[in-house]
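Here's the letter readout for the chains.
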Amino acid sequence: MGLFDYDNTSIDSILKYTRENLIGRSLYDILEEFQNSEYKTYEDKKKGTPSTTTRKEISELSKGRYGNIIEECFYGFKPNNSPEPDIPEACLEIKTTPYKINKDKTISAKERLVLSMINYNKENLDDFYETHLWKKCRQTLILFYKPEKNQSILHNTIDRFHLYTWPDEDMPVIIEDYEKITQKIKEGRAHEISESECTYLSACRKGAGKEKDFTSQPNSEMEARSRAWSLKPSYMTTLLRTIVFNENNQQTTSLTTGDTTKSFTKIIEERVLAYQGLTEAELCKMFGKKFIPGGRNGTKVRNIIINKIIKLPPDNNDFIEFQKANIDKIRTIRIKKNGAVKESLSFKNYNFKDYSQEKDDEWETSHMYTEVFSKKFIFVIFKENSYGEFYLSHIKFWGFPDSLETEFQRVWRETRSIINHGVKLTVNQSNEGNVTVSTNFPQSSVNNFIFTKIHADGSYYEIKPGQFVGNGKLADTDELPDGRRITKHSFWLSTKFIREIMADKWDHVADSE
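The text that follows walks through the structure, step by step, so that each part is easy to find. (Residues numbered from 1 in each chain as written. Predicted model: local features only at pLDDT ≥ 70, side-chain atom pairs only at ≥ 80, totals over all residues. Heavy atoms only, no water.)

**Quick notes on the side chain of His 162**
Among the structural elements, His 162 can be located in strand β5 (residues 158-164). Among residues more than four places away in sequence, those in contact with His 162 are Thr 140, Leu 141, Ile 142, Phe 144, Leu 239, Ile 243 and Val 244. (Helix = DSSP H or I, 4+ residues; strand = E, 2+ residues; numbered from the N terminus. Contact = heavy atoms within 4.5 Å.)

**A look at the pairing of strand β21 (residues 489-493)**
Summarising burial for β21: five of the five residues are buried, a large majority. Relative to β21, strand β11 (residues 345-346) is paired through two bridges, and the arrangement is antiparallel. Paired with Ser 346 across the strands is Trp 492, a residue of β21. Relative to β21, strand β16 (residues 450-454) runs antiparallel, the two being bridged by five bridges. Within β21, the position partnered with Thr 452 by the bridge is Phe 491. (Buried < 20%, exposed > 50% of the residue type's maximum accessible area, 1.4 Å probe, protein only. Pairing = 2+ DSSP bridges.)

**Observations concerning the nonpolar core**
Side chains of nonpolar character tend, in soluble globular proteins, to be buried together. Counting residues in each nonpolar core, the largest one holds 61 residues, and the members touching the most others are Phe 128, Trp 166 and Phe 322. The element that contributes the greatest number of residues to this core is helix α6 (residues 171-186), accounting for seven residues. Those residues within four positions of Phe 128 in sequence are excluded, and the remaining contacts are Leu 133, Trp 134, Trp 166, Met 171, Ile 174, Ile 175, Tyr 178 and Leu 201. In terms of nonpolar packing, the next biggest core, distinct from the first, is built from 41 residues, Val 437, Phe 449, Leu 480 and Trp 506 among them. (Core = buried A, V, L, I, M, F, W, Y, C linked by side-chain atoms within 4.5 Å.)

**Notes on the sheet that holds β16**
Spatially, the three strands line up as an open sheet ordered β11-β21-β16, and their pairing is antiparallel. With partners counted over all chains shown, the strands left at the sheet margins are β11 and β16, one partner each.

**Overview of α6**
When the terminal C-alpha atoms of α6 are compared, their 22 Å separation across 16 residues agrees well with the 22 Å that a helix rising 1.5 Å per residue should span. For α6, the set of buried residues is Met 171, Pro 172, Val 173, Ile 174, Ile 175, Asp 177, Tyr 178, Ile 181, Thr 182, Lys 184 and Ile 185. Residues of α6 that are buried sit in contact with β5, β6 (201-205), β9 (227-231) and α8 (264-273). Downstream of α6 by a residue or two, Gly 188 has a phi angle that is positive, lying close to 70°. (Expected span 1.5 Å × (residues − 1).)

**Brief notes about the sheet that holds strand β10 (residues 331-335)**
Taken in spatial order, the three strands line up as β10-β12-β13 in an open sheet, and their pairing is mixed. In this open sheet, the two strands that pair with only one neighbour each are β10 and β13 (390-399). Neighbour-to-neighbour, the strand axes of the sheet open up by a mean angle of 30°, direction not taken into account. Where β10 lies against strand β12 (residues 376-384), five bridges are found, and the strand directions are parallel. (Axes fitted to C-alpha atoms, helices over the stretch in contact; angles between N-to-C directions.)

**What about the pattern of salt bridges?**
Any two side chains of opposite charge can pair, on the condition that their charged atoms come close. The tally for this structure, following the rule as stated, stands at 37 salt bridges. Residue Asp 5 pairs with Lys 45 through a salt bridge whose shortest N-O separation is 2.9 Å. In this pair, Asp 5 sits in the segment before α1 (11-21) while Lys 45 sits in helix α3 (residues 42-47), placing the two residues 40 residues apart along the sequence. With a relative accessible area of 32%, Asp 5 lands in the partly exposed category. The shortest N-O distance in the salt bridge between Lys 146 and Glu 148 comes to 2.3 Å. You can call Lys 146 partly exposed: its relative accessible area is 25%. Residue class for Glu 148 comes out partly exposed when judged on its relative accessible area of 37%. It is possible to trace a salt-bridge network through shared partners that takes in Arg 205, Arg 227, Asp 402 and Glu 405. (Salt bridge = Lys/Arg side-chain N within 4 Å of Asp/Glu carboxyl O.)

**Quick word on the environment of Asn 36**
Within the secondary structure layout, Asn 36 lies in helix α2 (residues 27-36). Asn 36 sits 237 residues away from Leu 273 along the chain, and the two C-alpha atoms are 66 Å apart.

**Some words on unusual backbone geometry**
With a phi close to 65°, Phe 4 is a non-glycine residue in the positive phi region. Here Phe 4 lies in the segment before α1. Given the relative accessible area of 2%, Phe 4 is considered buried.

**A short note on the environment of Ala 224**
With respect to the helices and strands, the residue Ala 224 is situated in strand β8 (residues 220-225). Given a relative accessible area of 0%, Ala 224 falls into the buried group. Sequence separation of Ala 224 and Glu 192 is 32 residues, and the distance between their C-alpha atoms is 8.1 Å. For Ala 224, the contacting residues outside a window of four places in its chain are Tyr 120, Ala 190, His 191, Asp 213, Phe 214, Thr 215 and Gln 217.

**Overview of the packing of α2 against helix α4 (residues 66-75)**
The geometry of α2 relative to α4 is characterised by a closest axis approach of 10 Å and an angle of 35° between their N-to-C directions. Considering the relative orientation of α2 and α4, their crossing is left-handed. Side by side, α2 and α4 meet where Leu 27, Ile 30, Leu 31 and Phe 34 of the first sit next to Tyr 66, Ile 69, Ile 70, Glu 72, Cys 73 and Phe 74 of the second. Partitioning the contact of α2 with α4 into residue classes produces nine nonpolar, no polar and one charged. (Left-handed = near helix turned anticlockwise from the far one by under 90°. Nonpolar A, V, L, I, M, F, W, Y, C, P; charged D, E, K, R; others polar.)

**Some words on the packing of aromatic side chains**
Here a ring pair, both rings aromatic, is described through the centre-centre distance and the interplanar angle of the planes. One pass over the full model with this rule turns up 44 aromatic pairs. When the ring of Phe 128 is compared with that of Trp 166, the centres are 5.7 Å apart and the planes differ by 70°; the resulting orientation is edge-to-face. Of this pair, Phe 128 sits in the loop between β3 (113-117) and α5 (132-137) while Trp 166 is found in the loop between β5 and α6, placing the two residues 38 residues apart along the sequence. Accessibility assignment for this pair places Phe 128 and Trp 166 in one class, buried. Aromatic pair Tyr 200 and Tyr 235: ring centres 5.0 Å apart, planes at 45°, arrangement tilted. In this pair, Tyr 200 sits in the loop between α6 and β6 while Tyr 235 sits in helix α7 (residues 233-244), placing the two residues 35 residues apart along the sequence. Classification of Tyr 200 as buried rests on a relative accessible area of 1%. It is Lys 453 that lies over the ring of Trp 492; its NZ or CZ is 4.2 Å from the centre. (Phe/Tyr/Trp six-rings, centres within 6.5 Å; stacked < 30°, edge-to-face > 60°. Lys NZ or Arg CZ within 6 Å of the ring centre and 35° of its normal.)

See below:
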């Protein structure tokens, strides 16, 4: 089977051509075959008419054009901005996207899958199945490759492919995402759209935020940032792990098994709100847990009860839907009568050495982005009543608005700089003889949204080679790039910021860039 030897009206033929002629071949091989061929387009090959057009030399190819080159030199059509699919005869769109292999040998998507631009003024805002997105990407051939650092794109190899056809079990969530986005457009609030408010399908920002990257929107004189429909990185990662590479050996449970009429968020909401109004004491009695007012393990007990309510299997880490949506573990929050929030909110510990090696151009694969900023949250809120008891009030689905991204990037870079230039340890001794150690990481009084501090069972610092101070143990520490060991750290949200989230102050924020 030679170059362009496929039937453009048959998906089976296109898949066979891809499997037998693209998989495992470098871009250099494909370009060499293309340049040696007398045919430069699919249509010329079909007509038997040698082509007269030429294309750029290999040295002029850019990294960002990899997918376009595959479309032109392997499938034989010119990349374009047509509202139709790339191969309209087969109603097939083609997308090329990178993946990576993590240190634990798992597979992850390197980025979101951008599908098509959103035209705020022309997009169908009422029926997903009549949108430009659906008409263009109803069937999408996704080509996966693993780029290597400091290596020419000529060495890139497509090693997996998948025909994506929008799984039935995901459609309630995707429709829900579509409606969230289009509702804001209808209301003249396209400038308030954030990727975080959606679960699988999002509206990602396009461009660098310059004047040309803003466009008009209906029902508002305010311009909005240009955006595109896209499938979120966590959704693409789950697709890679469970279907493309079939590497997910851990048993997973679906919230929507047997019911594809509701989104999993709706199912969770219904299960939790079935217990709305019940106090902590009443819930503990119902689920066989000991209730200790003000007990130190209160958060743990509440979390156990909520997990039972949503029917999370004890031997599973997550529902499959949680993985697709990059949902952080369910958090229970207590709000006092005066609106004060007592709970802190921490994230997964980071490794000092790994963190120190992250690069400025790797934001979307950084620890801060993947484990913090891109997370979606499920808060189950308990409010204090007139008797001082806390009762289950409501549930809140939330994510960081795009407007905070610049601040989180600043803290990410600041933290990395401190780690790389040397964490300063200050030993303090109280009048009672108690010894504590502080660092030069800015705390919540400086970094008002997110900051880094210790996250371990005990505190333990190596103040001199082999000399430790603290009440912890070696297992509570992590090694810095300079060889010292200090207490493990993670990122935390400030109590003030959590209170603002609970008060809905960050639910309607314009994109500042």
